[in-house]
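Inside the fold
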Amino acid sequence: MPPLRPLVLSLALALTGCAQRTPAPPARPPLPPREAPRIAVLPFRVGELTEHATFIPPPDMPPPEGRPTAEDAGAEAARTLAARLADAGARVVDADVVQGAASLADAGSYDARFASRVADKTGANLAVIGALSRWRQRRGTAWAAESPASVAYQVALVRASDGAVVAVDRFDYTQQALSENLLDLGKFVQAGGRWLTREEILEGGFHRTAERLAAAARGAAAPSGPSIRLPGTR
């Protein structure tokens, strides 16, 4: 009978050899790099947009004062928001390219699926759809207005791959006379003590909306701050 110690040593060497001969598990392939966001901003529609990116058209009746009547306003809104998104550091598809793709796509509905199809056609991986629900111009001049301008809109950022809503943003602003609301004094002074046009209000709202959508596209938290950036402010 062989001594116990040489036998244990032989078994240990045999097991070690087996462990060394066992092939290592195959390495996992590296994860694909995160796709850089590229956004297509669709022409806005006239109506309301819910938080689930469901579009609600206005009632079939003569529009009251302040409701947009021309779809041209929606195309210009999309163009302006695309420019502000570019200012916020986002890659955007040319507005004319998006408008052409949207006009050729099946326009039976204006929703997340429609946005996803337009994004695919333009090589974007994200899309923005929006609705103008109020678009009222001021009455009067910058220094003496009978009634102020007023703007309201809703937007949704949609992922092209599955139509999921990534972020939503809502804006509703009517410039107040100081006699009606002294709390609006700061904004009125920031505007140079004058009455803004609806285009200026829309531009100010889109600055903040673009920053929030650009952050959502990057997967970052939305920046805090007021809902409108008035002319001459940062």
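Conventions we followed
Residues numbered from 1 in each chain as written. Predicted model: local features only at pLDDT ≥ 70, side-chain atom pairs only at ≥ 80, totals over all residues. Heavy atoms only, no water. Helix = DSSP H or I, 4+ residues; strand = E, 2+ residues; numbered from the N terminus. Contact = heavy atoms within 4.5 Å. Axes fitted to C-alpha atoms, helices over the stretch in contact; angles between N-to-C directions. Parallel < 35°, antiparallel > 145°, perpendicular 65-115°, else oblique. Left-handed = near helix turned anticlockwise from the far one by under 90°. Nonpolar A, V, L, I, M, F, W, Y, C, P; charged D, E, K, R; others polar. Core = buried A, V, L, I, M, F, W, Y, C linked by side-chain atoms within 4.5 Å. Buried < 20%, exposed > 50% of the residue type's maximum accessible area, 1.4 Å probe, protein only.

1. As for the environment of Ala210
On the secondary structure map, Ala210 appears in helix H6 (residues 198–218). Residues Ala210 and Ala90 lie 120 residues apart in sequence; the distance between their C-alpha atoms is 8.8 Å. Ignoring sequence-local partners within four residues, the contact set of Ala210 consists of Leu81, Arg84, Leu85 and Ala88.

2. Brief notes about the packing of helix H2 (residues 72–87) against H6
Close contact between H2 and H6 brings their axes to 8 Å; oriented N to C, the two are set at 55°. The angle between H2 and H6 falls in the class oblique. The element H2 and its partner H6 pack so that their crossing is right-handed. Along its contact with H2, which presents Ala77, Thr80, Leu81, Arg84 and Leu85, the element H6 presents Leu202, Glu203, Phe206, His207, Thr209, Ala210, Leu213 and Ala214. In the contact of H2 with H6, the residues fall into 8 nonpolar, 3 polar and 2 charged.

3. A few points about the nonpolar core
Ile39, Val41, Phe44, Leu81, Leu85, Tyr153 and Leu157 are the most contacted members of the largest nonpolar core, which has 31 residues in total. Breaking this core down by element, the ones donating at least two residues are strand S1 (38–41), H2, strand S6 (126–136), strand S9 (150–159), strand S10 (165–174) and H6. By size, the runner-up hydrophobic cluster in this structure holds 23 residues, among which are Ala119, Ala124, Ala131 and Ala156.

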